[in-house]
Amino acid sequence: MKYVIVGNSAAAIGAVEAIRKTDRTGQILILSSEPYHTYSRPLISYLLLGKTTEEKMLYRDRDFYERMHCDFRPNTTVVKLDPEQKQVLLADGSAESYDRVLVATGSSPFVPPMAGLDTVEHKTTFGSLEDAKRLSGMIGSKSRVLIIGAGLIGLKCAEGIADTVKSITVVDLAPRVLSSILDDAASARIKHYLEQHDLRFFLGESVKEFSGNTAILTGGQIEFDCLVLAVGVRANTALVKDAGGAVGRGITVDDHMRTSLPEVYAAGDCTESMDCAEQQIKIMALLPNAYMQGACAGAN
């Protein structure tokens, strides 16, 4: 058997470990668009904070791929899935065949259209180690940072850089912080705590336009030196969708993590599946869920 895994985060690792419990000799090929060994994405804010190091961020030990007899190829982007020919096409024009393929492509930051965004010189999203390194190179003790988004991603970013920069301003269209997971009372307590640590909030607001280092809001303007876009993420469904597979907000999978395409599985933040607590189909973008979905796909 030749197993091809597109992606290199929690879902991919779960799949590898589950496969190897059953198949000790089958070929496993891991294709990752990033240049890094598998790492824990939730720790990027703690890297900026100085509470961890790149080595401690590793999701598995350095010898993981060797121990699991995997062919790991970083800096390798899959651009097309061809289920009829049972192969994936790579950005360099080459192709890799498979007997089974797992799409574990995760999610990507969502950047809404904003007038004048191209005039902002120092800007980044915040979802990967590369983003954290980019942000670290942009900021200093005199930096005024503007974060668009008061959800988990935006506030994790703020936590990571609060002791490094001069000021942090957070703008969100929602009327409260962490609006997707907290009610009014809990959100108010968190906001009060953060304000005690010198974070400034503009809630129920949006940016009408950027002009260089100025953000023009509906009710005023903000001067800044660095912009972080943390509005949210979207599932990376394109490989399956473009191949004719079923997708909703995420890739549609069954209880075995099979997609609607033959011999094609999917797991992690790129999928939508049954939430047993709420009894509804949804994207469950949490690292433990991604690992368990990957393990389920690998076992099957």
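Refer to the structure presented above.
Figured I'd write up the structure that's included with this text. (Residues numbered from 1 in each chain as written. Predicted model: local features only at pLDDT ≥ 70, side-chain atom pairs only at ≥ 80, totals over all residues. Heavy atoms only, no water.)

1. Some details on the packing of helix H1 (residues 10-22) against helix H8 (residues 287-299)
We apply this condition: Lines fitted to C-alpha atoms define the axes here, with helix axes fitted over just the stretch in contact, and angles between the N-to-C directions of these axes take values from 0 to 180 degrees. Secondary structure elements follow DSSP: runs of H or I of four or more residues count as helices, runs of E of two or more count as strands, with numbering from the N terminus. By convention, the crossing between two helices is left-handed when the near helix turns anticlockwise from the far helix through less than a right angle, and right-handed when the turn is clockwise. Note on contacts: a residue pair is in contact if any heavy atoms of the two residues lie within 4.5 Å. Asp, Glu, Lys and Arg are counted as charged, while Ala, Val, Leu, Ile, Met, Phe, Trp, Tyr, Cys and Pro are counted as nonpolar; the rest, among them Gly, fall into the polar class.
Packing of H1 against H8 leaves a shortest axis separation of 6 Å and a crossing angle of 35°. Both H1 and H8 take part in a crossing whose hand is right-handed. Contacts between H1 and H8 involve Ala10, Ala11, Ile13, Gly14, Ala15, Glu17, Ala18 and Ile19 from the former and Leu287, Ala290, Tyr291, Gly294, Ala295, Gly298 and Ala299 from the latter. Residue composition of the contact of H1 with H8, grouped by class: 11 nonpolar, three polar and one charged.

2. Brief notes about the pattern of salt bridges
Inclusion rule: Any Lys or Arg side-chain nitrogen located within 4 Å of an Asp or Glu carboxyl oxygen qualifies as a salt bridge. For the exposure calls, accessible area comes from a 1.4 Å probe over protein chains only, and a residue counts as buried if that area is under 20% of its type's maximum, exposed if over 50%, partly exposed in between.
The final tally for this structure, using the stated rule, is 16 salt bridges. Across the pair Arg134 and Asp131 runs a salt bridge whose closest N-O atoms are separated by 2.6 Å. Placement of both Arg134 and Asp131 in helix H4 (residues 129-138) is noted, with a separation of three residues, approximately one turn of the helix. Residue Arg134 is classed as partly exposed on the basis of its relative accessible area, which comes to 35%. A salt bridge links Arg176 to Asp184, with the shortest nitrogen-to-oxygen separation between them at 3.2 Å.

3. A short note on the side chain of Thr271
Inclusion rule: Any pair of nitrogen or oxygen atoms within 3.5 Å is treated as a polar contact; in protein, a donor-acceptor pairing is required on top of that, and neighbouring residues in sequence qualify only through side-chain atoms on both sides.
Mapped onto the elements, Thr271 comes out in strand S20 (residues 271-275). The class of Thr271 is buried, set by a relative accessible area of 1%. Only 2.8 Å separates the side chain of Thr271 from the backbone oxygen of Gly268, close enough to count as a polar contact. Those residues in contact with Thr271, other than ones at most four positions away along the chain, are Gly250, Ile251, Val253, Met257, Ala266, Lys282, Ile283 and Gln293.

4. As for H1
Counted only if it meets this: The length a helix should cover is 1.5 Å for every residue beyond the first.
In this model H1 runs 19 Å from its N-terminal to its C-terminal C-alpha over 13 residues, within 8% of the 18 Å that 1.5 Å per residue would give. Of the residues making up H1, those classed as buried are Ala10, Ala11, Ala12, Ile13, Gly14, Ala15, Val16, Glu17, Ala18, Ile19 and Arg20. Where H1 is buried, its residues touch strand S1 (2-6), strand S2 (27-31), helix H3 (64-67), strand S3 (70-73), strand S7 (100-103) and H8.

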